[in-house]
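Structural characterization, general
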Amino acid sequence: MQPICGPNVADDQSSERTKESSGRPEAPELRLVLLGDSGAEKSAVGNIILGREAFSSDPGSETKEIQKRKGLVEGWSVAMVDAPDLSSTNVSGHWRRRAINQCVNLSAPGPHAFLLVLPLGGGAGEAWESLERGVEMFGEEAWGYTMALFTGRGEEARGATAEECLQSRGEELRRLAGRCGKGCHVLDCEDMEDRAQVAALLEKIQTNLPYYNNSAYRNAESKINRKKEEILREKQGEKQREEDKHRRKYEKELDNWKQKMQAEIREKEDKIREQEDRIAELEKRLAGEGDRERIRTLEAELRRERAERERLEQEVDGLKREMEKERREREERHRRELEEIRRGYEERAREEAERDAECAEVFGRLDTETEAAAGGTTEGRRASAHRRRQTACCSIS
């Protein structure tokens, strides 16, 4: 039996946090869950969308643990969950239930889309049935939020359209694609620099932005929030100490800066007073002078001293304005940094809650018949396939 590994959650948004703390509004979140058979290159899809090697993506490798990665993509804060093959015949029902629970926790309060990864050129009829079981473990309504994502590399993908992929494949694939409420799309998993194809994919996903949120997801989100608040209460003292340390550092730096600026202002104000003394002396000498030539010389000197005084006064006014502007900027930067500390605790508490919280309700119909189908018995597969063919909608979105 394949062991269920704890979710591997990486927050690669340090640069995004820096952008947000510089005054930009927080990017809206887009939550995506990658589904598909083992070796379907789901991780490669995640890397293409995020624009970096966020997931391990060796061709043909199997996802053995649930992974979550985040990144800023096309103005969206994208959170991606790479799920293992939930319909595998090599795992137990207990493992499958725990895996689904963790997928739910990591994508709560609900995914905006399930991306069903379908490699170009693969898949027999029986494989399509296993893919359908993987989607339906999240509930029948999950189909409305599912996109059939055809993937290839290089010319194989760049020269293909979703319609051509469907026309060249069998009826089983067309039927499966017809159940996907978000339609079909083709993605080149070779060219990470092609951001236009990622923008087109996200635009297609966004055509129906409300996220999937049934009772199990609502229950998971409620449990996660309670766990998160519990963690935050436990970390309150630690958070307060970090905030106090940051505040003391800010106040010390602010005080040093103020003293430096005030010393510079005092130096110029002293020079102004010296100018005023010289001006007063010149005015006194000018009042008692009778020689015309000497009067002109004193008047010229007086004009120079008054101009110098005005220049110094303007410099002092400029320094005071600069000091007030810098003070406000420092204060705002300090406020954002404190907010970033609090947000960091919130995000880490959320991630810990996602790892620890248990969903009370399990998605899908994991009853005897479904378990038999997932376990590989011929009778179970035939019964499930017959029921799906009766209920499937064959129109392609």
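Residues numbered from 1 in each chain as written. Predicted model: local features only at pLDDT ≥ 70, side-chain atom pairs only at ≥ 80, totals over all residues. Heavy atoms only, no water.

Bringing the packing of helix 10 (residues 236–288) against helix 11 (residues 292–356) into the picture now. Closest axis-to-axis distance for the helix 10/helix 11 pair is 9 Å, and the angle between their directions is 175°. Between helix 10 and helix 11, the crossing angle belongs to the class labelled roughly antiparallel. Residue classes in the contact of helix 10 with helix 11 are distributed as 19 nonpolar, four polar and 32 charged. (Axes fitted to C-alpha atoms, helices over the stretch in contact; angles between N-to-C directions. Helix = DSSP H or I, 4+ residues; strand = E, 2+ residues; numbered from the N terminus. Parallel < 35°, antiparallel > 145°, perpendicular 65-115°, else oblique. Nonpolar A, V, L, I, M, F, W, Y, C, P; charged D, E, K, R; others polar.)

This paragraph deals with the confidence of the model for the protein. Per-residue pLDDT for the protein has a mean of 78; in total, 74% of the residues score no lower than 70. Averaged over each element, pLDDT in the protein is lowest for helix 1 (residues 14–21) (38) and highest for helix 10 (94). Segment residues 9–23 is flagged for pLDDT under 50; beyond a separation of four residues in sequence, or across chains, it makes 31 contacts in the model. Under a pLDDT of 50 for its full length, residues 359–397 has, in the predicted model, 85 contacts with residues more than four places off or in other chains. (pLDDT = per-residue confidence, 0-100. Contact = heavy atoms within 4.5 Å.)

Scanning all chains against the criterion turns up zero disulfides. For Cys184, which is in no disulfide, the shortest distance to another cysteine sulfur is to Cys180 and amounts to 6.1 Å. (Disulfide = S-S within 2.5 Å.)

Taken together, the side chains of Glu274, Glu276, Asp277, Glu310, Glu313 and Asp317 define an acidic patch exposed on the protein surface. Among the elements of the structure, helix 10 and helix 11 are those that each provide at least two residues to the negative patch. Structurally, Glu276 can be placed in helix 10. A relative accessible area of 36% places Glu276 in the partly exposed class. (Patch = residues over 30% accessible without salt bridge, like charges linked within 9 Å, V, L, I, M, F, W, Y side chains within 5 Å. Areas by Shrake-Rupley, 256 points an atom, 1.4 Å probe, with all protein chains shown as cover. Salt bridge = Lys/Arg side-chain N within 4 Å of Asp/Glu carboxyl O. Lys, Arg positive; Asp, Glu negative; His and termini not counted. Charge placed at Lys NZ, Arg CZ, Asp CG, Glu CD. Buried < 20%, exposed > 50% of the residue type's maximum accessible area, 1.4 Å probe, protein only.)

Time to look at helix 9 (residues 215–234). Between its terminal C-alpha atoms helix 9 stretches 29 Å, which fits the 28 Å expected from 20 residues at 1.5 Å a residue. For helix 9, every residue scored as buried is listed here: Ala216, Tyr217, Ala220, Glu221, Ile224, Lys228, Ile231 and Leu232. The buried residues of helix 9 occupy an angular sector of 130° when projected down its axis, which confines them to one face. Here the buried face of helix 9 lies against helix 3 (93–107), strand 5 (113–119), helix 10 and helix 11. (Expected span 1.5 Å × (residues − 1). Arc of directions from axis to C-beta.)

Looking now at the pairing of strand 5. Buried residues dominate strand 5, accounting for six of its seven residues. With four bridges joining them, strand 2 (residues 29–35) and strand 5 adopt parallel strand pairing. By the bridge assignment, Leu35 is partnered in strand 5 with Leu116. Where strand 5 lies against strand 6 (residues 146–152), six bridges are found, and the strand directions are parallel. Within strand 6, the position partnered with Phe114 by the bridge is Thr146. (Pairing = 2+ DSSP bridges.)

This paragraph deals with the nonpolar core. The biggest cluster of nonpolar side chains holds 44 residues, and the ones touching the most others in it are Leu35, Phe114, Leu118, Phe138 and Phe150. Looking at this core element by element, the count peaks at six residues for helix 3. (Core = buried A, V, L, I, M, F, W, Y, C linked by side-chain atoms within 4.5 Å.)

The subject of this paragraph is the pairing of strand 7 (residues 184–188). Where burial is concerned, most of strand 7 is hidden: five out of the five residues are buried. Burial along strand 7 is two-sided: the residues Cys184, Val186 and Asp188 and His185 and Leu187 are all buried.

With respect to the helices and strands, the residue Ser107 is situated in helix 3. A polar atom in the side chain of Ser107 sits 2.7 Å from the backbone oxygen of Cys103. Sequence-distant contacts of Ser107, that is, excluding residues within four places in its chain, are made with Arg31, Val33, Val81 and Tyr217. (Polar contact = N/O pair within 3.5 Å; in protein donor to acceptor, adjacent residues only side chain to side chain.)

Our next topic: the packing of aromatic side chains. Per the counting criterion, the structure on display carries four aromatic pairs. Seen from their ring centres, Phe114 and Phe138 are 5.1 Å apart, and the 50° between their planes marks the pair as tilted. Of this pair, Phe114 sits in strand 5 while Phe138 sits in the loop between helix 4 (125–136) and strand 6, and the two are 24 residues apart along the sequence. Overall, the relative accessible area of 0% leaves Phe114 in the buried class. Here Tyr212 and Tyr217 contribute two aromatic rings whose centre-to-centre distance is 5.9 Å and whose plane-to-plane angle is 70°, an arrangement assigned as edge-to-face. There is no split in this pair, since Tyr212 and Tyr217 are both buried. An aromatic cluster of at least three residues, connected via ring pairs, comprises Phe114, Phe138, Tyr145, Tyr212 and Tyr217. (Phe/Tyr/Trp six-rings, centres within 6.5 Å; stacked < 30°, edge-to-face > 60°.)

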